[in-house]
Amino acid sequence: MRDNILVIGSSGQIGTELVIELRKIYGNDHVVASDIIPSSEEIMSSGPYEKLDVTDADKLLAVVKKHHITQVYLLAAMLSAKAEKNIDFAWKLNMDALFNILNLAKEKIIKKIFWPSSIAVFGPNTKKELTPQCALTEPNTVYGISKLTGERWCEYYFNKFNVDVVSIRYPGLIGWKSEPGGGTTDYAVHIFHEALKNNTYTCFLSEKTTLPMMYMNDAIRATIEIMQTKAENVKIRSSYNIAGCSFNPMQIAAQIKSKQVEFTINYKVDFRQEIASSWPQSIDDSEAMKDWKWKAQCNLEKITHDMLDNLRIKYNISK
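The notes below deal with the structure included here. None of the values given here were measured: they were computed from a predicted structure.

**Quick word on helix H8 (residues 216–228)**
- For H8, spanning 13 residues, the distance from its first C-alpha to its last is 18 Å, which sits close to the expected 18 Å at 1.5 Å a residue.
- Where burial is concerned, most of H8 is hidden: ten out of the 13 residues are buried.
- Within H8, the full set of buried residues consists of Met216, Asp218, Ala219, Ile220, Arg221, Ala222, Thr223, Ile224, Ile226 and Met227.

**Digging into helix H5 (residues 87–106)**
- Helix length check: H5 (20 residues) gives 28 Å between terminal C-alpha atoms against 28 Å at 1.5 Å per residue, within 8%.
- Among the residues of H5, Ala90, Leu93, Asn94, Met95, Ala97, Leu98, Asn100, Ile101, Leu102, Leu104 and Ala105 are the ones counted as buried.
- Phi turns positive one or two residues past the end of H5, at Lys108, with a value near 65°.

**With respect to the sheet that holds strand S7 (residues 164–166)**
- Reading across from one edge, S3-S2-S1-S4-S5-S7 is the order of the six strands in this open sheet, with parallel pairing throughout. A strand with exactly one partner marks an edge of an open sheet, and here the two such strands are strand S3 (49–51) and S7. Taking the axes of each pair of neighbouring strands and ignoring which way they run, one obtains an average angle of 20° across the sheet.
- The pairing of strand S5 (residues 112–114) with S7 spans three bridges and is classified as parallel. Opposite Phe114, over in S7, you have Val166 as the bridge partner.
- In the packing of H5 onto the sheet, contacts are made with strand S1 (5–8), strand S4 (71–74), S5 and S7, and the angle to S4 comes to roughly 165°.

**A short note on the sheet that holds strand S11 (residues 211–215)**
- Taken in spatial order, the three strands of this open sheet run S9-S11-S13, and their pairing is mixed. The open sheet terminates on both sides in strands that have one partner only, identified here as strand S9 (172–174) and strand S13 (245–247). Within the sheet, the average angular offset between the axes of one strand and its neighbour, ignoring direction, is 45°.
- Note: S9 against S11, three bridges, orientation parallel. Its bridge partner being in S11, Ile174 is matched across the sheet by Tyr215.

**Let's talk about the side chain of Asp285**
- Counting through the fold element by element, Asp285 comes out in the loop between helix H10 (272–277) and helix H11 (286–292).
- Within the buried set, Asp285 has no salt-bridge partner at all; the shortest N-O distance to an opposite charge, 7.8 Å, is to Lys295.

**Side note on the packing of aromatic side chains**
- A full pass over the atoms with the stated rule returns eleven aromatic pairs.
- Centre to centre, the rings of Phe114 and Tyr170 are 6.3 Å apart; their planes meet at 55°, and the pair counts as tilted. A residue pair is termed long-range when its members are at least 10 positions apart, and Phe114 in strand S5 and Tyr170 in strand S8 (residues 168–170) qualify at 56 residues. The burial state of Phe114 is the same as that of Tyr170; both residues are buried.
- Aromatic side chains Tyr156 and Phe161 sit 6.0 Å apart centroid to centroid with 75° between the ring planes, which places their arrangement in the edge-to-face category.
- You can call Tyr156 partly exposed: its relative accessible area is 36%.
- Relative accessible area serves as the criterion here: at 28%, Phe161 is assigned to the partly exposed category.

Cut-off values and rules
Residues numbered from 1 in each chain as written. Predicted model: local features only at pLDDT ≥ 70, side-chain atom pairs only at ≥ 80, totals over all residues. Heavy atoms only, no water. Helix = DSSP H or I, 4+ residues; strand = E, 2+ residues; numbered from the N terminus. Expected span 1.5 Å × (residues − 1). Buried < 20%, exposed > 50% of the residue type's maximum accessible area, 1.4 Å probe, protein only. Pairing = 2+ DSSP bridges. Axes fitted to C-alpha atoms, helices over the stretch in contact; angles between N-to-C directions. Contact = heavy atoms within 4.5 Å. Lys, Arg positive; Asp, Glu negative; His and termini not counted. Salt bridge = Lys/Arg side-chain N within 4 Å of Asp/Glu carboxyl O. Phe/Tyr/Trp six-rings, centres within 6.5 Å; stacked < 30°, edge-to-face > 60°.

Everything listed here is a matter of geometry and, on its own, says nothing about what the molecule does.
Written as structure tokens, this is what we have:
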């Protein structure tokens with residue numbers, strides 16, 4: 001029997017691209033998009049969509065039964081910077097959503113779950129360079145605390161109830177198909193939009209704040225690859241480190257300028273600097289490489305070239 005897939009959070013940065021890629025693989029009718037707001041025109045017109053608040057367990061169950069869902073990609077979450085401004089709601093959304101999905105799998109209503117974690121699980125005392133899979137995790141943000149808690153619950157449900165849940169720790173993600181979503185690393189998306197529209201960008205992080213980043217193409221591929229990996233090859237049921245490339249605002253600005261863009265960058269550091277300073281500068285993803293053959297393909301130069309080319313088309317800007 002063919003899998004039927006529910007993507008929760010289909011209007012977000014990841015969901016916008018993941019739904020389309022999954023529909024290419026499994027067929028439009030077998031991938032249901034869902035969110036509390038409408039998704040992109042491409043998603044809405046190419047397959048089924050359900051308006052869904054994942055914290056509503058009854059509505060979630062109804063959607064799952066209606067579409068005979070076997071797999072769930074749970075992407076709905078409040079990201080780092082926004083979560084610091086709305087602590088109670090961020091915790092409720094991030095945790096209630098996960099429990100609602102885990103419990104569906106515990107009751108054998110669905111078979112498989114993807115749930116994303118984040119480099120936000122690490123904290124200011126974590127080893128910053130090539131942060132290992134098993135590193136000190138002392139997050140000091142609401143988002144990081146919820147993600148670390150989620151990792152422990154995913155592993156618990158796997159060990160106690162044999163729930164087939166897999167996870168990866170996303171670094172900062174860069175893509176051109178959706179707007180920035182309120183994360184601390186979103187400067188690396190916004191900077192490209194502003195470079196083309198206004199030729200200048202004011203960055204909320206300092207110029208040498210190095211963070212792990214990943215192009216959306218790699219992130220989508222990693223997400224699908226771990227879901228398609230045989231269960232016996234997934235050795236870590238909390239969440240896997242994955243790495244792309246690391247850079248700082250000064251380096252990304254230099255790359256943009258190297259592509260013949262008239263561009264200046266300014267700096268006005270705000271509360272997000274403290275969040276970024278608590279995170280790793282680079283990630284060791286050797287466990288993912290060993291267990292399910294993960295390997296990133298995009299570097300900063302390729303990311304810059306691709307972002308600028310696609311955003312020029314989006315905004316109808318000539319070179």
